[in-house]
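Coordinate analysis (summary)
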Amino acid sequence: MKIGIIVNSKSGHTLQAAEVLKQKLAARGLDVRLERVSAYDESPMDKGSVKLKSAPDISGYDTLVVCAWVMGGTLCPAMNTYLSGNNNLSGKTAVCMITHAFPFKSWGGTQTLNQTERLLESKGALVKGGGIVNWMGFGRKSRIDSVAEWTAGLI
Ligand SMILES: Cc1cc2nc3c(=O)[nH]c(=O)nc-3n(C[C@H](O)[C@H](O)[C@H](O)COP(=O)(O)O)c2cc1C
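Predicted model only: the values in this text are computed from it and were never measured.

Our next topic: the pairing of strand 7 (residues 93-100). Most of strand 7 sits out of view: 8 of its 8 residues are buried. Burial along strand 7 is two-sided: Thr93, Val95, Met97 and Thr99 and Ala94, Cys96, Ile98 and His100, pointing in opposite directions, are all buried. In this region the chain leaves strand 7, passes through helix 3 (residues 109-122) and returns to the parallel neighbour strand 8 (residues 126-134); the handedness of that crossover is right-handed.

By secondary structure assignment, the location of Gly130 is in strand 8. Other than its neighbours up to four places away in sequence, Gly130 contacts Cys96, Leu113, Glu117, Trp150, Thr151 and Leu154.

Under the defined criterion, the tally for this structure stands at 0 disulfides. Note on Cys67: no disulfide assigned, nearest cysteine sulfur contributed by Cys96 at a separation of 8.4 Å. Of all cysteine sulfurs in the structure, the one in Cys67 sits closest to Cys76, which takes part in no disulfide; the separation is 10 Å. Note on Cys76: relative accessible area 0%, which makes it buried.

About the cut-offs
Residues numbered from 1 in each chain as written. Predicted model: local features only at pLDDT ≥ 70, side-chain atom pairs only at ≥ 80, totals over all residues. Heavy atoms only, no water. Buried < 20%, exposed > 50% of the residue type's maximum accessible area, 1.4 Å probe, protein only. Helix = DSSP H or I, 4+ residues; strand = E, 2+ residues; numbered from the N terminus. Right-handed = clockwise from strand over helix to strand, strands pointing away. Contact = heavy atoms within 4.5 Å. Disulfide = S-S within 2.5 Å.

Structural data, given as structure tokens:
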């Protein structure tokens, strides 16, 4: 089983969490690679005007781990554009890991996780769930660790 961790990260939080998840999967002996989605402008005023700088080919992966962040209560524009352009994810399983600023999942994280899951399903992926990292507040390191552990366990 080939696992692709597909990450969009503007300021590095999501990448940091994705690296922890990658280590956990690699430690289980799984074949895992991390690839970056990026845009020339990661937070454009007009979310519909994203120009992707890097858009990895995910056709060779059996399982996708989509790692993204919340912008304005919704999925970050680069990942939204990227996933929207991937028309055939049938036969793949997917899990998600979302980071956001606020200390409660319900303040944007849950909504964005649901949005990402529905988008993946609309492209044919079998979605197995996902985790949310609340970035603000004490104990972040252990939150990242437990969300990465939870997300890895969904695969
Ligand atoms: C333009 C912008 C809008 C944001 N909007 C939200 C938001 O609506 N809710 C939230 O919880 N965090 C919001 N954030 C915070 C990011 O989601 C959070 O810091 C995330 O971990 C950033 O991930 P990254 O470092 O991988 O880019 C916003 C950040 C930016 C730059």
